[in-house]
Amino acid sequence: MSLSIQPVSDGVQTAVVVVDPYSSGKYLLHEFENLGVTMIAVRSTTKMSKQYLRSHDTNLRFFVKVLEFEDMAGGVQQLVDSLGSLPYKIIAVLPGSEPGVVLANLLAHELRLPTANPIELLPARTDKAEMQDALRKNGLLSAKQFKSGNLEQLLEWARNEGQWPLVAKPVGGAGSEGIFFCNQEDDIKAAHKHIIGNCSSIGALNTQLALQEFLRGDEYIVDTVSFDGKHICVALWVYQKIHGLPWNHTAIMPSTYMLLPAAGEIQDALVGYVFKVLDAVGLKYGPCHTEVILTDRGPVLVEVNARMHGLQGPRLIELCTGVSLATYTIDSMVFGGKLFQRLYDEGCITCGRYLYALQKNCKMVCLMSPVEGWLQSSIANAIAKMNLPSAIEVLPTVAMGEWLFATKDLPTLAGSVLMVHESIDQINADIQRIRDAEATLELYPVLLDDDACYVSKRTAPNCSNSQCNARTR
């Protein structure tokens, strides 16, 4: 499915703004480039993970201008003025990744763009506690919770509830970052120490955490795109989640994501619930990545993420359904929703809602290292030597010679592997081969001693060797 190039508006060249174009935001950049659309980048902050910062440098070639928001003492209004001084008419503002969601929403509102989502409900789209409150106000199933930065208040709420386990999480942040599986008060104390007063990988200072009931049931992801308050589901995923790792008992980690067929009793229940969630949090335009647990009570929200599916999600959706999530998003945010409206109308007539076509099976595998140290070989090369028929791409987060963390959340993943094949049995067999290699440390040979500091220009966290920075190759 193709889109047409946006024409020049009133004799002035048009441009789109992408805020924090990292992670899956790269697919927006490639799509815009192919369409001949001019792009301007806004970086909300430099205080974020090195993975995001490397992406920024890699993607500079796509932009006619890069604006640094943290240098603007005048805030959003100064950013509006800076954009106004450029020879372009801004026709859309999109978040390229989780760090850019808040600023993209504020900027679109100030520019009075037709695809701006209601600013008064922005906290309900970005704060993991506020979004649960929004559901309760609208009579939707939600998780019991308490939000505070005060440890004693959190412990008192847990005692009064008297139900274990609980889940502790930052109210902001990306993915499963900083999420703790709490079986006792000491786990809440550990979560509080880890979260409060520290910055997330997206640069936000954590001042509060949400303590929530543990939702029992299978967990799903519902990827949607919205236009003018209407919604279509473009991908449904189920993922296996691990509650506690042998080397980190408080971790809650996704292990694999699997794309599901669009139709089915469970799918209908999830999609119907999520569409109501989107209405409750004010998501009228653009993509959303919503996580839901199917409990005995019915679907209950984990969180909404008002941006595209992260990492390689858009590519997997394209490989398995024929249409990229970036295509859906750009159509909704830039090209007037022509593709959206056609799919929405056809779906209403034939099936009651749009149903994407699942052409191939796919899973995304999260690589989890049980050890940490200086990585001595390439993860990608090790998996390539396995000759796995379904593995189409290996995406390590750590290169040979860099520091490998023991996995505890999404930011500390060793990487991911994209698996696409006609046979789900082949995919599962290939995944088992990868897990076996993780268990034997075939994928993760590391060094911990001071001599290993020579192999990298990066300093290991808490390295005792004070000369480590100087002694690099």
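Higher on the page you've got the structure.
Worth saying up front: this structure is predicted, and the values here are computed from it rather than measured.

Peer 1: So what's going on with the packing of aromatic side chains? Which residues, and what values?
Peer 2: Scanning all chains against the criterion turns up 9 aromatic pairs. Seen in terms of ring centroids, Phe 227 and Phe 340 are 6.0 Å apart; in terms of plane orientation they differ by 45°. Their pairing is tilted. With a gap of 113 residues between them, Phe 227 in strand S9 (residues 218-227) and Phe 340 in helix H12 (residues 338-350) connect regions that are remote in the sequence. Each member of the pair, Phe 227 together with Phe 340, is buried. The rings of Phe 227, Tyr 285, Phe 340 and Tyr 344 are connected pair by pair, giving a single aromatic cluster. Over the aromatic face of Phe 62 sits the side chain of Arg 61, whose NZ or CZ is 4.0 Å from the ring centroid. The residue whose ring lies beneath Lys 230 is Tyr 344, and the NZ or CZ to ring-centre distance is 4.9 Å.

Peer 1: With reference to specific residues and values, describe empty space enclosed by the protein.
Peer 2: A full pass over the atoms with the stated rule returns 2 cavities of 30 Å³ or more. Counted as a void, the largest cavity has a volume near 160 Å³. Surrounding the largest cavity, 15 residues form its lining, Pro 95, Asn 105, Asn 117, Tyr 285 and Met 333 being those nearest its centre. Counting only elements with at least two residues in the lining of the largest cavity, the list comes to strand S4 (89-95), helix H4 (101-110) and strand S12 (286-295). In terms of residues, the lining of the largest cavity owes the most to one element, H4, which gives 3 residues. Along the lines of polarity and charge, the residues of the lining of the largest cavity split into 10 nonpolar, 4 polar and 1 charged.

Criteria and thresholds
- Residues numbered from 1 in each chain as written.
- Predicted model: local features only at pLDDT ≥ 70, side-chain atom pairs only at ≥ 80, totals over all residues.
- Heavy atoms only, no water.
- Phe/Tyr/Trp six-rings, centres within 6.5 Å; stacked < 30°, edge-to-face > 60°.
- Helix = DSSP H or I, 4+ residues; strand = E, 2+ residues; numbered from the N terminus.
- Buried < 20%, exposed > 50% of the residue type's maximum accessible area, 1.4 Å probe, protein only.
- Lys NZ or Arg CZ within 6 Å of the ring centre and 35° of its normal.
- 1 Å grid on protein atoms, 1.4 Å probe; cavity = no way out; pocket = protein on both sides within 12 Å on 5 of 7 lines; lining within 4 Å.
- Points joined across faces, edges and corners; volume = space filled by probe spheres on them.
- Nonpolar A, V, L, I, M, F, W, Y, C, P; charged D, E, K, R; others polar.

Remember that the coordinates give geometry; whether it matters functionally is a separate question.
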